[in-house]
Amino acid sequence: MIYCSTRDKSKKPISASEAILKGLADDGGLFMPMDIKKQDFNFEEMKKLSFKEIAFKILKIFFTDFTDEELRNCIEGAYDEKFDTELIAPVKKASDMYFIELYHGKTIAFKDMALSILPRLMSVAAKKHKISEDILILTATSGDTGKAALEGFKDVSGTKIIVFYPENGVSKFQELQMRTQSGKNTYVSAIKGNFDDAQTAVKEIFSDKEFGKFLKNKGYRLSSANSINIGRLIPQMVYYFNAYISLLRDNEIEPGEKVNITVPTGNFGNILAAYLSKRIGLPVNRLICASNENRVLTDFFKDGIYDKNREFILTSSPSMDILVSSNLERLIYLSCGGDATLTSELMSKLKTSGSYSIRDNMKEFISDFIGGSANASEVLEEISLMMKDYNYLIDPHTAVASSVYRRYREESRDLSKTLIASTASPFKFSETVYEALGQDKDSNDIFNTIDLLSAYTGCKEPRAIEEVRKAPILHSDVCKISEMRDEIKKLLKI
Ligand SMILES: *Cc1c(COP(=O)(O)O)cnc(C)c1O
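These figures come from a predicted structure and were not determined experimentally. (Residues numbered from 1 in each chain as written. Predicted model: local features only at pLDDT ≥ 70, side-chain atom pairs only at ≥ 80, totals over all residues. Heavy atoms only, no water.)

Enquirer: Any details on the packing of aromatic side chains? Residues and values, ideally.
Expert: For the structure shown, the criterion picks out 20 aromatic pairs. Measuring from centroid to centroid gives 5.9 Å for Phe-63 and Phe-66, while their planes differ by 45 degrees, and the two rings are tilted. Ring centres 6.2 Å apart and planes at 85 degrees place the aromatic pair Tyr-434 and Tyr-456 in the edge-to-face group. Note that Tyr-434 is positioned in helix α20 (residues 430-436) and Tyr-456 in helix α21 (residues 446-457), a separation of 22 residues in sequence. (Phe/Tyr/Trp six-rings, centres within 6.5 Å; stacked < 30°, edge-to-face > 60°. Helix = DSSP H or I, 4+ residues; strand = E, 2+ residues; numbered from the N terminus.)

Enquirer: Can you lay out the sheet that holds strand β13 (residues 369-373) for me, pointing to particular residues and giving the numbers?
Expert: An order of β3-β4-β14-β9-β10-β13 is seen for the six strands of this open sheet, with the pairing classed as mixed. For this open sheet the edge positions go to β3 (91-94) and β13, each flanked by a neighbour on one side alone. In this sheet, neighbouring strand axes are inclined to one another by 25 degrees on average, regardless of whether the strands run parallel or antiparallel. Direction of pairing for strand β10 (residues 284-291) relative to β13: parallel, over a ladder of five bridges. Bridge pairing in β13 links Cys-289 to Gly-371. Its contacts with the sheet place helix α14 (residues 296-303) against β10 and β13, and it is angled at close to 140 degrees to β13. (Pairing = 2+ DSSP bridges. Axes fitted to C-alpha atoms, helices over the stretch in contact; angles between N-to-C directions. Contact = heavy atoms within 4.5 Å.)

Enquirer: Any chance you could break down the pairing of strand β14 (residues 418-422) for me, citing the residues and the numbers?
Expert: Here β14 lies mainly inside the structure; five of its five residues are buried. Burial of β14 is two-sided: the residues Thr-418, Ile-420 and Ser-422 facing one way and the residues Leu-419 and Ala-421 facing the other way are all buried. With five bridges connecting them, strand β4 (residues 97-101) and β14 associate as parallel partners. Within β14, the position partnered with Ile-100 by the bridge is Ala-421. As paired strands, strand β9 (residues 259-264) and β14 are joined by three bridges and run parallel to one another. Opposite Asn-260, over in β14, you have Thr-418 as the bridge partner. (Buried < 20%, exposed > 50% of the residue type's maximum accessible area, 1.4 Å probe, protein only.)

Enquirer: So what's going on with the site of the ligand? Residues and values would help.
Expert: Around the ligand sit 15 residues, and of these Lys-111, Gly-266, Asn-267, Asn-270 and Thr-423 come closest. The separation between an oxygen atom of the ligand and a polar side-chain atom of Lys-111 is 2.5 Å. One nitrogen or oxygen atom from the side chain of Thr-423 is found 2.8 Å from a nitrogen atom belonging to the ligand. Protein contacts shield 97% of the accessible area of the ligand, which totals 390 Å² for the unbound molecule. A per-class count over the shell around the ligand returns five nonpolar, eight polar and two charged. (Near = heavy atom within 4 Å. Polar contact = N/O pair within 3.5 Å; in protein donor to acceptor, adjacent residues only side chain to side chain. Areas by Shrake-Rupley, 256 points an atom, 1.4 Å probe, with all protein chains shown as cover. Nonpolar A, V, L, I, M, F, W, Y, C, P; charged D, E, K, R; others polar.)

Enquirer: Residue-level account of the environment of Cys-459, with values.
Expert: Positionally, Cys-459 belongs in the loop between α21 and α22 (463-470). Here the alpha-carbon distance between Cys-459 and Leu-393, two residues 66 residues apart in the chain, equals 7.9 Å. Here Cys-459 is in contact with Leu-393, Phe-427 and Ser-454, once residues within four sequence places are set aside.

Enquirer: A description of the packing of helix α4 (residues 68-78) against helix α6 (residues 118-128) should follow, citing residues and the corresponding values.
Expert: One way to put it is that α4 packs onto α6 with a least axis distance of 9 Å and a crossing angle of 150 degrees. Regarding the angle of α4 to α6, the classification is roughly antiparallel. Remark: the crossing between α4 and α6 carries right-handed chirality. Contact residues: α4 offers Glu-70, Leu-71, Cys-74, Gly-77 and Ala-78, while α6 offers Arg-120, Leu-121, Val-124 and Lys-128. Its residues assigned to classes, the contact of α4 with α6 shows five nonpolar, one polar and three charged. (Parallel < 35°, antiparallel > 145°, perpendicular 65-115°, else oblique. Left-handed = near helix turned anticlockwise from the far one by under 90°.)

Enquirer: Before we move on, can you summarise the side chain of Ser-17 with the specific residues and values?
Expert: You can see Ser-17 is positioned in helix α1 (residues 16-22). Residue Ser-17 is classed as buried on the basis of its relative accessible area of 0%. A polar atom in the side chain of Ser-17 sits 3.3 Å from the side chain of Ser-15. At 2.5 Å, the side chain of Ser-17 forms a polar contact with the side chain of Asp-65. Sequence-distant contacts of Ser-17, defined by excluding residues within four places in its chain, comprise Asp-65, Phe-66, Ala-125, Lys-128 and His-129.

Enquirer: Describe the side chain of Thr-432, listing the residues and the values that go with them.
Expert: With respect to the secondary-structure elements, Thr-432 resides in helix α20. Every residue in contact with Thr-432, bar those within four places of it in the chain, is listed here: Ser-316, Leu-380 and Pro-396.

Enquirer: With reference to specific residues and values, describe the nonpolar core.
Expert: The tendency in soluble globular proteins is for nonpolar side chains to be buried side by side. Of all hydrophobic cores here, the largest spans 112 residues; its most connected members are Phe-63, Tyr-240, Phe-268 and Tyr-356. Residues in contact with Phe-63, not counting those within four places in the same chain, are Tyr-3, Ala-16, Ile-20, Leu-71, Leu-121, Ile-230, Gly-231, Ile-234 and Pro-235. (Core = buried A, V, L, I, M, F, W, Y, C linked by side-chain atoms within 4.5 Å.)

Enquirer: Which residues make up the pattern of salt bridges, and what values go with them?
Expert: Where charged atoms from two side chains of opposite charge approach closely, those side chains can pair. Scanning the entire structure with this criterion turns up 34 salt bridges. Residue Asp-360 is joined to Lys-363 by a salt bridge in which the shortest nitrogen-to-oxygen separation is 3.6 Å. Placement of the pair is Asp-360 and Lys-363 together in helix α17 (residues 360-365), with a separation of three residues, close to one helical turn. Here Asp-360 falls in the exposed class, since its relative accessible area comes to 60%. Each of Asp-451, Glu-461, Glu-466 and Arg-469 takes part in one network of salt bridges that share partners. (Salt bridge = Lys/Arg side-chain N within 4 Å of Asp/Glu carboxyl O.)

Enquirer: Any details on the environment of Gly-337? Residues and values, ideally.
Expert: Inspection of the secondary structure puts Gly-337 in the loop between α15 (328-335) and α16 (340-353). C-alpha of Gly-337 to C-alpha of Lys-192: the two residues are 145 residues apart in sequence and 45 Å apart in space.

Printed below as a string of structure tokens:
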């Protein structure tokens, strides 16, 4: 399998391992497989496979310059006891939906699924290309990605990771999660500023040639772990296959039966993985793209116009508070038959004017997708309804998806069985969830609210919360934005 950039007219081919190492193409485009072929899956046979064995089958299709042994090692290292269930991503039926629980890893949210394996793929790719320096991951985080990346890179040979988070810009729980991070190669520092300041400063460090040279002399090569890396996208396909196969195994669906997939969407990575799964042969009917009040994608799927010129709304599903969904570029590219010139043109329109519209043939191409959005009160209602009627507790992100799906089903009368990507543990958003159930928290102590939620619902607290509660604080650095380079030197002792 060969990859090329979505913005490269000459379609210069690069291998999977190079694409993983680079992350983003030099022209600003995203790497895409050149040829996405439908495979002949024998689902009956696959019923015997575990999550890890399914992972091997899928990754092998896309990462063809990795040996079987390399892939197996990456998979074994990624999906181990870090997850609190051997099933890794179990499927639970509630109401007429099947929830794929993607939150059984260390940060109790779905980014663990891909960030557990990306560091291992990177480390192997670096060895393949005889890169002698250590990979140094720099990340600015608004909360979730930072911790998931720290856990993923923890003690992976040939890598180090530094995470910067805004001093007063993440939740208390997220801050604790990061400050208690263990591992020989993990570093965390708060910064005096907001997330945008941190993000901008990290980008500047990435493009600072002189600092890059300095790091290289000290034996480091900068890299990033953001969500456009193909090494994150492809592993996200695995749980859709695994979920489909588990429905087959439980006789919930007939062989060959098509299912819908509903995904609470932000950067468009998770749902794109579902779409790619369909393209290579997973029996999928509709892809339902669920947004919160930042409903750019809902409008896009309705009228073919992407327009980010609107108010940015802070919602109870913060990981979906996004106005520019980076991974959508990949769908745009596919929808125009891989036309890199047109893709570049649309992306530059987005950059300069904040909007673009697609042609009729592209609209036709993406008609598998249905967009929908849920507002604040619909989210609270959905959490409450799912608990009352089905004794199933969901988080606000997942509630966006299930609320959007409920409405779609009523309006369309499409009765296909439907998988819902459940992207965070309800305990990660205890305050909103507890309030949705009509209860008042006693205090601002997050652990207190978690205990109340657990007692009220009878749902067990995830192991990851217990661990954070007991863990010692290992990181206490705070630095100014202007001093981030010095902070990096200090942390690495260089
Ligand atoms: C990141 C995230 C999402 C959005 O996923 P995308 O791949 O960015 O669309 C949804 N829910 C949670 C909890 C997340 O952390």
